[in-house]
Amino acid sequence: METVRFRHAHFSARFPVGLRYSPSHYWMAPAGSDAGEQVWRVGFTKFATRMLGELVEMVLDVDAGRPVCSGDRLGTVEGFKAVSDLYCVVDGGFVGCNPAINGEACLTHSDPYGAGWLYAVRGQPGAGHLDVHGYIAFLAETIDRLQASRYSDGEKGSAP
C-alpha cells in the first residue's frame, strides 16, 4: 500500500494514498459493491487514534439497512482516555460494523487502515471529503491550531 509520510510538531504518521479522508479524522476505502452501489469501509485515522488512545469498546445504536447521512451519530467508542461519539461520514445505507472490533477493539490502534476498520456503509462519501494530500494539509492546520490554543491557554492567568 502506497503511503505519504507526514511529520508535524510531535506527530508523525503514514497515510495511505488510495483512501478518502474526512475533516473529522475518519478514512473511507472502497470495499466492493452491494446492490449496485459502492460499499465503503470507514475507520479512524492515525491522528484520531492518537487523540482517543487505545479503543476498548464500540457501541453502535444503528441497525444494518438503516439509511444514514454524513454527520449522523452512530454510537460511541470508549478509549482509555475518553468516551466519544462515533459519526457517519458516508451517505447511504448502513451495512454493519467490523465484527473483529468486538473481540479486539485494539485493532483500531494497531492496524487502523486494515483490520481496524469500524463500520461499512453502502453509498457515497459525504461532502467535504479529501484525498491524502488535502487531509495532510488540513491536519497540519489542525495541529497548529491545537498548539496555538494550548500555548495561549497556558499564558492566561500568568501575570507578572
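Note that this is a predicted model, so its numbers are computed, not measured.

Is there a simple way to explain the side chain of Thr-108 in this structure?
Checked against the element boundaries, Thr-108 lands in helix α3 (residues 107-110). Judged by its relative accessible area of 3%, Thr-108 is buried. For Thr-108, the side chain forms a polar contact with the main-chain oxygen of Ala-105, separated by 3.1 Å.

Can you help me understand the sheet that holds strand β9 (residues 83-87) in this one?
Whether parallel or antiparallel, the strands of a sheet pair through hydrogen bonds between backbone atoms. Spatial ordering of the open sheet is given by β6-β8-β9, a layout of three strands whose pairing is antiparallel. Lying at the two open borders of the sheet, with one neighbouring strand each, are β6 (55-60) and β9. Pairs of neighbouring strands in the sheet enclose a mean axial angle of 25°, with direction left out of account.

I'm lost on the nonpolar core in this one. Help?
Within soluble globular proteins, side chains that are nonpolar generally end up buried alongside one another. Core analysis: the biggest nonpolar cluster contains 24 residues, and Phe-44, Leu-86, Leu-118 and Tyr-119 have the highest contact counts within it. Of all the elements in the fold, those that place two or more residues in this core are β4 (26-34), β5 (37-44), α1 (46-52), β6, β8 (73-79), β10 (90-97) and β11 (119-125). Take this core: its biggest share by element is three residues, from β5. Among all residues touching Leu-118, those that are not within four sequence positions of it are Tyr-26, Val-42, Gly-43, Phe-44, Leu-55, Met-58, Leu-86, Cys-97, Asn-98 and Thr-108. With 20 residues, the next largest nonpolar core counts Phe-15, Leu-19, Tyr-21 and Ala-140 among its residues.

Rules behind the numbers
Residues numbered from 1 in each chain as written. Predicted model: local features only at pLDDT ≥ 70, side-chain atom pairs only at ≥ 80, totals over all residues. Heavy atoms only, no water. Helix = DSSP H or I, 4+ residues; strand = E, 2+ residues; numbered from the N terminus. Buried < 20%, exposed > 50% of the residue type's maximum accessible area, 1.4 Å probe, protein only. Polar contact = N/O pair within 3.5 Å; in protein donor to acceptor, adjacent residues only side chain to side chain. Pairing = 2+ DSSP bridges. Axes fitted to C-alpha atoms, helices over the stretch in contact; angles between N-to-C directions. Core = buried A, V, L, I, M, F, W, Y, C linked by side-chain atoms within 4.5 Å. Contact = heavy atoms within 4.5 Å.

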